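Okay, here's what each chain looks like letter by letter:
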Amino acid sequence: MNKYSKPSYGTCILVCENYKGEQQVEDFLSEIKPIQSPKLPPLKTRFENFTRSMGRVYIHLKKTGELLVPRKKFNERIEICKSNICKKFNSKRMSCAECGCKLGRKLALAASNCPLDYWKES
Ligand code: SF4
């Protein structure tokens, strides 16, 4: 058992077609070393960002009928975040320290975008 919040991460990636069980979660987390934990924004900011992104998800869904990204797109996005090119990847909380969103959910939703423009909505 490691220090990561497995239930939280597992719950997030359940929305993604990539999810193949606990072993996949273990494999993914073991690749992320050392632990990166830049500070997340305050709760109020995270809540505002979350509600804004849910609005975008709703509009995108109404317009395109698309909720989740295909597996290939999800993998491309997660590789960018994991590379920590932005220095905002919080591997301890599996969150983006720029917007405070949980990455499992954020990366799987078609309407999501990177707040620093490293990847865009599909
Ligand atoms: S969403 Fe963007 S800013 Fe956030 S961790 Fe991923 S690449 Fe970095």
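Draft legend 1. The arrangement of the site of the ligand in detail. The immediate surroundings of the ligand are formed by Ile80, Cys81, Cys86, Lys88, Phe89, Cys96, Glu98, Cys114, Pro115, Leu116 and Tyr118. Residues that form the shell around the ligand fall into these classes: 9 nonpolar, no polar and 2 charged.

Draft legend 2. Inspection of the environment of Ser95 at higher detail. Mapped onto the elements, Ser95 comes out in strand E2 (residues 95–96). For Ser95, a count of 25 C-beta atoms within 10 Å gives the class buried. Ser95 sits 57 residues away from Pro38 along the chain, and the two C-alpha atoms are 9.5 Å apart. Discounting residues that sit within four places of it in the chain, Ser95 has contacts with Leu40, Asn90, Gly100, Cys101, Lys102 and Leu103.

Draft legend 3. Region of interest: the nonpolar core. In this structure, Phe74, Cys81, Cys96, Cys101, Leu103, Leu107 and Ala108 are the most contacted members of the largest nonpolar core, which totals 13 residues. Counting only elements with at least two residues in this core, the list comes to helix H4 (71–83) and helix H5 (103–108). Ranked by residue count, the leading element in this core is H5, at 3 residues. In this view, Cys81 contacts Phe89, Leu103 and Leu107; residues no more than four positions away in its chain are not counted.

Draft legend 4. Summary view of H4. A rise of 1.5 Å per residue sets the reference length of H4, with its 13 residues, at 18 Å; its end C-alpha atoms lie 18 Å apart and thus fit the reference within 8%. Taken as a whole, H4 has its buried residues at Phe74, Arg77 and Cys81. Projected down its long axis, H4 shows its buried positions confined to an angular sector of 70°, all on one face. What points out from H4, more than 90 degrees from its buried face, is the exposed set Arg71, Lys72, Glu79 and Ser83. Where the residues of H4 are buried, they touch strand E1 (89–90) and H5. The first or second residue beyond H4 is Asn84, which carries a positive phi of 60°.

What counts, and where the lines are drawn
- Residues numbered from 1 in each chain as written.
- Predicted model: local features only at pLDDT ≥ 70, side-chain atom pairs only at ≥ 80, totals over all residues.
- Near = placed C-beta within 6 Å.
- Nonpolar A, V, L, I, M, F, W, Y, C, P; charged D, E, K, R; others polar.
- Helix = DSSP H or I, 4+ residues; strand = E, 2+ residues; numbered from the N terminus.
- Buried ≥ 20, exposed ≤ 12 C-beta atoms within 10 Å, placed from the backbone.
- Contact = placed C-beta atoms within 7 Å.
- Core = buried A, V, L, I, M, F, W, Y, C linked by C-beta atoms within 7 Å.
- Expected span 1.5 Å × (residues − 1).
- Arc of directions from axis to C-beta.

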